[in-house]
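Listed below are the residues making up each chain.
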Amino acid sequence: MSRAEPGGHSAAAIPGEVALPLPSGDPQALRLAAGSLERAAACAGATTTVRGTLAPRLDAVWSGAAATAARDEADELGRRSRRVVEGLSPTARSLRTYAAALELAVTRVRSLQRQWDGLDAERALACLRLATLPDPSGVLAAHGIERARAEQALGRARLSRSYEQVLAELRGSGRRCAQLVAGVTDVVFPSAASPTGARVRSVVAGGLWFAEGAVAARASRDAALSDGVLVRRVIAASAAPDPSLDDAAVTQLAARVRAGAQDPVYAQTLLSELGADGLVSVLMAAGVARRGSGAHVDTVRDLLGGFGSLLLTATSHSTQAETDPRTREQLASGAALLADDLVAGLGRVHGGPEEARATGAWLLGQLLSGARAAGDGRRLPPRLARRAAAAAAAAEVAETRDADARLRHGTTLPAGGDDAFASWFDDASRTGDALHVLLDQVGDDPAEQAALLAEPLPDSAVAGEALANSRGDRLTVGEHLVRRWVTLEASGVESHPDLRLATDTDLRRLLQSVSSDASGGAAESRARVMLEVSRTSGHAMREASTTQIYSRATAPLEGHVADWLTAMRENVDRALAQSHPVPADEPSYAAATSRGMQPWLDAPELNAVVGTLAADTGMGLHAKDPGAAYNRLVETELRATRESVHAGHDAEPGVVRIGFFDQAASAELVALARRQDGLNRSALQSLAEAGHVVAEIRSGNLTGLASTVKTYVDGGTTRTAADDLVIAMVRSDVELAQTERDDSRRAELAARLTALTGGSTDVRSSLAAGARRGPALPSAEQLRTARHDEVEAAVMALRDERIQSVAESRMDGLKDRAGAPYPSHVIKAHSPVPDPSPGTSLTPGQAAERLRRSTPTGAALKADVLHRSGSWVLEDVPERGRVFPLVGGDGVERTLVQMPGSVNGVEGRFEWILEGDRITHQLFVRNGKITGVPIKP
């Protein structure tokens, strides 16, 4: 029963929300908990322990009985861990299932509440109606009121039963989910045990400890364990109501850590005791992610420097000369384990929703910056540095996909002044940039630098598909560095045209290691960078602010790309000669040439790369010359052609290649010009719109102003055909100017090639053959014709608008004289929807094909949603469209196509009018039906 009818009697009026209360629970909190479990499962699943690959790693560094014991314990730890990890995903799914059931129950109960309130309203309305009836005796009113009460009671009983059924179904779903969660929990906790992190570790790892090292290492371990107690006190103090630590506590902790920072046994023991999470807890307790932490700035720096040196020592594979072999093997194994633990936590955000927060990557960057500031010039092991850099890059991408608005570049610690990054150390643009700090950990060894560029980014449940490159493969560190400024821009809400990244210089330094290497790995890195430069350029050219960033951050790489294109001539020629997709056995990014392995790109990719080199990043409504990198490429190709001719070789392949490059450059420059024309047209259209709004405001006509606002809300426009005519006549035509300049450049290029070849090659035919492998472009004459047609269409639209205005004015006069709208009623009652078949030979499918092939003119060119939306649904016309013959007052037979649909949730119909090969009318009519009559609903 509901709360309103404990005894089956109905109350007169009880709100539905009181009678049928909503089920308790927070679906969003359940989903957040599920997401937390899934992230934990993903992080744990990425470790060698859970994957079961730890034992083979131990075999590589241990031998004898120690290796056997370590392998057995590692296998046991893996088995225990997998029991827990394998239950996390089902538990998360169970929580999501219950969240969905809870949301559905809430929705259903809200519906029942509305029905309940409807019953009350119906009863009240019945009583009001009875009160107005003549009833001297009152019998009729009493009978009616009793009947209304009875109907209300029956309705409430029905709703109460439905309400109980909803709750019962929700309780059933809750029981099923609870049983599953309880089953997973029992794997870790006994039934009566309280869940704590220590108990989890005890169940999973209790009783497993690798063999102790040599007796000489016992003192270091004892010291580390003793200091671990001090660290635990710091962590416990951070959990107090006032988590701030005084300067003395942090100073003491920093001094103890620094004293043993160079001892590898001490370092590994302390960090193993703490774990990566414990280390993070210490740093967060010391306030490294917030200002005003309670400790002096220099004290926090000392703490970061001490733990940074400790981390470098613990992860290093080098040991002291007097270390016994057994301990040396233990240290190497511990370094590998610590590295896995460290990398797994770099993408994690530490701190609560209302607290200071930081990612593991930013904290690691601060530790390493602290060690360097304290004079410790050591570096992380190369393999760990590569993995850490890749994990930090993935964390940056994930930051663009989360909902944490305060977290910027890895921390909520505010940056100082105009700095983009926050840091406790000087030069925040470098020391606060975790990825730069990690890249700096890789030295000058070309092999290590090349391996760093080729390191793939790890999985990230948050980043998802954002970790894919232009081919859909996983991004590498090199590719991420190319487009890193795009990633950082995406993490904010505004553009930063003055953004400067230290990693831009890092990338140029690292690329030296692969620029001239003829190995397959280096060639693949070059190919990936070329494709990413092209993709980044396409993104940057959309706005002036991003173009400015690209010019400073990415454009300096274009010189490298031009040189790489020159070196891969054979692969370019092979790609241009192919008329089919790349064979399945063809390498993805590199292919063999006479000069070793070189990048492999197909023709469309080459077109995009060459277009990137040609794109001029300058602004302004005018035609542009190709960029410096493209000119460098062409001049190099011309020199190669000259050398080929002097050597007596066939110059045609080189001319074909240059023809392709020229066409690709022209296509990119024309595309940029077309975008400029579009922006200019939009600006003029906005100016026209603004003029009408200002006119309405100045006239003081509130009705007209309200109508204008409603037009904009509905996606319409206030521009007139006269406005569109003026815009068509005065808008820029950079595309035509660019095409003419490209034609001039091509003619000059042909003349130079003719002089180089001495007439031995049909230069124009070869250039045309190369151009055919690039995008097709309209000629200057075609563009002039199109511009003429645009102006002519605007003139015709203005004429049609004025004719329609006169006709509507006369029709309104006839309606005023006719009086009441009876004729409209008659027409609706006795005029059925016309049969679309008589008078036309077009089927809906044929009409759709004609619509796709025809040219929009006049009003069909208007840019507002109601006019343009018809272009988005042409694929549905064959199935849902209807075709009608339409003969106007001029006797010309036209074709009307109508189709039901909706725009922005508003139902209505789409309609088009075909006249020959032109679309003279295209409109979405709100609330319109299929009538065979245009414009009118």
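As annotated in an unreviewed UniProt entry, the protein carries the name DUF222 domain-containing protein and comes from Terrabacter lapilli.

Undergrad: Explain the overall build of the protein here, please?
TA: Along its length, the protein carries 36 helices and nine strands. Looking at the protein alone, contacts between residues at least 24 apart form 73% of all its contacts between residues at least 6 apart. For the protein, the exposed area adds up to about 45,200 Å²; of that, 55% sits on carbon and sulfur atoms.

Undergrad: Even after reading the chapter, I still don't get the sheet that holds strand S9 (residues 918-926), so can you show me in this structure?
TA: The strands making up a sheet associate through hydrogen bonds between their backbones, and the pairing can be parallel or antiparallel. Taken together, five strands build an open sheet; the order of strands is S5-S9-S8-S7-S6 and the sheet is mixed. Pairing within the sheet leaves two strands with one partner each, and these edge strands are strand S5 (855-856) and strand S6 (882-887). Note that strand S8 (residues 906-915) and S9 share eight bridges and pair antiparallel. Paired with Gly908 across the bridge in S9 is Arg926.

Undergrad: Just checking my understanding: could you explain the pairing of S9 for this structure?
TA: For a regular strand, the rule is simple: side chains alternate between the two faces of the sheet. Most of S9 is tucked away, with seven of its nine residues classed as buried. Where S5 meets S9, two bridges bridge the pair, whose relative direction is parallel. For Thr855, the partnering residue across the bridge sits in S9 and is Arg918.

Undergrad: What should I look at first to understand helix H14 (residues 382-399) in this one?
TA: The terminal C-alpha atoms of H14 lie 26 Å apart, and with 18 residues this matches the ideal 26 Å at 1.5 Å per residue to within 8%. Counting buried positions along H14 yields 16 of 18 residues, so the element is predominantly enclosed.

Undergrad: Explain unusual backbone geometry to me, please; I cannot follow it from the model alone.
TA: In most cases, non-glycine residues show a negative phi, while peptide bonds are predominantly trans. Notably, His409 is not glycine yet its phi reads approximately 55 degrees, a positive angle. Mapping His409 onto the fold places it in the loop between H14 and helix H15 (428-431). Unusually for a residue other than glycine, Ile935 sits at a positive phi of about 75 degrees. Position of Ile935 among the secondary structure elements: in the segment after S9. Residue class for Ile935 comes out partly exposed when judged on its relative accessible area of 36%.

Undergrad: Where do I start with the environment of Thr327 in this structure?
TA: In this fold, Thr327 is placed in helix H12 (residues 325-344). The class for Thr327 is buried, based on a relative accessible area of 2%. It is 8.5 Å that separates the C-alpha atoms of Thr327 and Val265, two residues lying 62 residues apart in sequence.

Undergrad: So what exactly am I meant to see when it comes to the packing of helix H11 (residues 297-315) against helix H13 (residues 360-373) here?
TA: Viewed as axis vectors pointing N to C, H11 and H13 meet at an angle of 95 degrees, and their least axial separation amounts to 7 Å. Classified by the angle between their axes, H11 and H13 sit roughly perpendicular to one another. Between H11 and H13, the residues in contact are Leu304, Gly305, Phe307, Gly308, Ser309, Leu311 and Leu312 and Leu364, Gln366, Leu367, Leu368, Gly370 and Ala371, respectively. Residue composition of the contact of H11 with H13, grouped by class: eight nonpolar, five polar and no charged.

Undergrad: Quick question: what am I supposed to make of the nonpolar core here?
TA: Generally speaking, nonpolar side chains in soluble globular proteins are found buried as a group. With 133 residues, the main nonpolar core has Phe307, Trp485, Leu565 and Leu753 as its most contacted residues. Counting residues per element, this core draws most heavily on H14, which supplies eleven residues. If near-sequence neighbours (up to four positions away) are discounted, Phe307 is found in contact with Leu253, Val257, Leu274, Leu279, Val282 and Leu367. Formed by 20 residues, the second largest nonpolar core is a distinct cluster that contains Ala848, Met899, Phe910 and Leu914.

Undergrad: So what exactly am I meant to see when it comes to a nonpolar patch on the surface here?
TA: On the surface, a nonpolar cluster with roughly 300 Å² of combined accessible area is contributed by Val726, Met729 and Val730. Of note, Met729 is situated in helix H29 (residues 721-730).

Undergrad: Would you take a moment to explain helix H10 (residues 264-285) for this structure?
TA: Think of an α-helix as turning once every 3.6 residues; residues three or four places apart then point the same way. With 22 residues, H10 extends just 25 Å between its outermost C-alpha atoms, more than 12% less than the 32 Å of an ideal straight helix rising 1.5 Å per residue. By the largest-angle criterion, Gly275 marks the main kink of H10, which is about 90 degrees. Most of H10 sits out of view: 18 of its 22 residues are buried. Backbone geometry just after H10 places Gly287 at a positive phi near 85 degrees.

Undergrad: Would you mind showing me how to read the pattern of salt bridges here?
TA: Two side chains that carry opposite charge are able to pair once their charged atoms sit near each other. Inspection of every chain in the model, using the stated rule, returns 50 salt bridges. Between Arg386 and Glu455 there is a salt bridge, and its shortest N-O distance comes to 3.7 Å. Taken together, the residues Arg386 in helix H14 and Glu455 in the loop between helix H17 (446-454) and helix H18 (477-482) connect sequence positions 69 residues apart. Between Asp662 and Arg745 there is a salt bridge, with its nearest N and O atoms 3.1 Å apart. Of this pair, Asp662 sits in helix H27 (residues 652-699) while Arg745 sits in helix H30 (residues 734-757), placing them 83 residues apart in sequence. Judged by relative accessible area, Asp662 falls into the buried class, the value being 2%. Via salt bridges that share partners, Asp662, Asp742, Asp743, Arg745 and Arg746 belong to a single interconnected network.

Undergrad: How should the pairing of strand S3 (residues 590-593) be read in this particular structure?
TA: As defined by bridge partners, S3 adjoins strand S4 (residues 596-599) across four bridges and the pair is classed as antiparallel. Bridge assignment links Ala590 to a residue of S4, and that residue is Pro599. Hairpin geometry of S3 and S4 is characterised by an intervening segment of two residues between the two adjacent antiparallel strands.

Undergrad: Explanation requested: the environment of Leu531 in the structure shown.
TA: Position of Leu531 among the secondary structure elements: in helix H21 (residues 520-540). Among the residues examined, Leu531 registers a relative accessible area of 7% and is labelled buried. With residues up to four places along the chain from it excluded, the contact list for Leu531 reads Ser470, Arg471, Tyr589, Leu601 and Glu605.

Undergrad: In this structure, what is going on with the side chain of Gln676? I would like to understand it.
TA: Structurally, Gln676 can be placed in helix H27. Setting aside residues no more than four positions away along its own chain, Gln676 makes contact with Gly620, Leu621, His622, Lys624, Ser732 and Val734.

Undergrad: Quick question: what am I supposed to make of the environment of Asp75 here?
TA: Relative to the helices and strands, Asp75 is located in helix H5 (residues 64-131). Spatially, the C-alpha atom of Asp75 lies 6.9 Å from that of Gly52, the residues being 23 residues apart in sequence.

Undergrad: Sorry, what's going on with the packing of aromatic side chains here?
TA: The description of an aromatic ring pair rests on the distance of the ring centres and on the angle between the ring planes. Applying the stated criterion to the full structure yields three aromatic pairs. Residues Phe910 and Trp912 carry aromatic rings whose centres are separated by 6.4 Å and whose planes lie at 20 degrees to one another, so their mutual orientation is stacked. Trp912 shares its class with Phe910; the two are buried. Each ring, one from Phe910 and one from Phe924, has its centre 4.9 Å from the other, and the planes form 55 degrees; the classification is tilted. Of this pair, Phe910 sits in strand S8 while Phe924 sits in strand S9; the two residues are 14 residues apart in sequence, bridging distant segments of the chain. As far as burial versus exposure is concerned, Phe910 and Phe924 are alike and both buried. Residue placement shows Arg471 over the ring face of Tyr589; its charged tip is 4.4 Å from the ring centre. Sitting over the face of the ring of Tyr589, Arg528 holds its NZ or CZ atom 4.4 Å from the ring centroid.

Undergrad: So what exactly am I meant to see when it comes to the confidence of the model for the protein here?
TA: As a note on interpretation, predicted positions should not be read in detail where pLDDT is low. Per-residue confidence for the protein gives a mean pLDDT of 82; residues scoring 70 or more make up 85%. Of all the helices and strands in the protein, helix H33 (residues 822-830) carries the lowest mean pLDDT, 29, while H18 carries the highest, 95. Confidence drops under a pLDDT of 50 for residues 209-216, and excluding neighbours within four residues, the segment shows 20 contacts in the predicted structure.

Cut-off values and rules
- Residues numbered from 1 in each chain as written.
- Predicted model: local features only at pLDDT ≥ 70, side-chain atom pairs only at ≥ 80, totals over all residues.
- Heavy atoms only, no water.
- Helix = DSSP H or I, 4+ residues; strand = E, 2+ residues; numbered from the N terminus.
- Contact = heavy atoms within 4.5 Å.
- Areas by Shrake-Rupley, 256 points an atom, 1.4 Å probe, with all protein chains shown as cover.
- Pairing = 2+ DSSP bridges.
- Buried < 20%, exposed > 50% of the residue type's maximum accessible area, 1.4 Å probe, protein only.
- Expected span 1.5 Å × (residues − 1).
- Axes fitted to C-alpha atoms, helices over the stretch in contact; angles between N-to-C directions.
- Parallel < 35°, antiparallel > 145°, perpendicular 65-115°, else oblique.
- Nonpolar A, V, L, I, M, F, W, Y, C, P; charged D, E, K, R; others polar.
- Core = buried A, V, L, I, M, F, W, Y, C linked by side-chain atoms within 4.5 Å.
- Patch = residues over 30% accessible without salt bridge, like charges linked within 9 Å, V, L, I, M, F, W, Y side chains within 5 Å.
- Salt bridge = Lys/Arg side-chain N within 4 Å of Asp/Glu carboxyl O.
- Bend = angle between axes of the 7 residues up to and from the residue.
- Phe/Tyr/Trp six-rings, centres within 6.5 Å; stacked < 30°, edge-to-face > 60°.
- Lys NZ or Arg CZ within 6 Å of the ring centre and 35° of its normal.
- pLDDT = per-residue confidence, 0-100.

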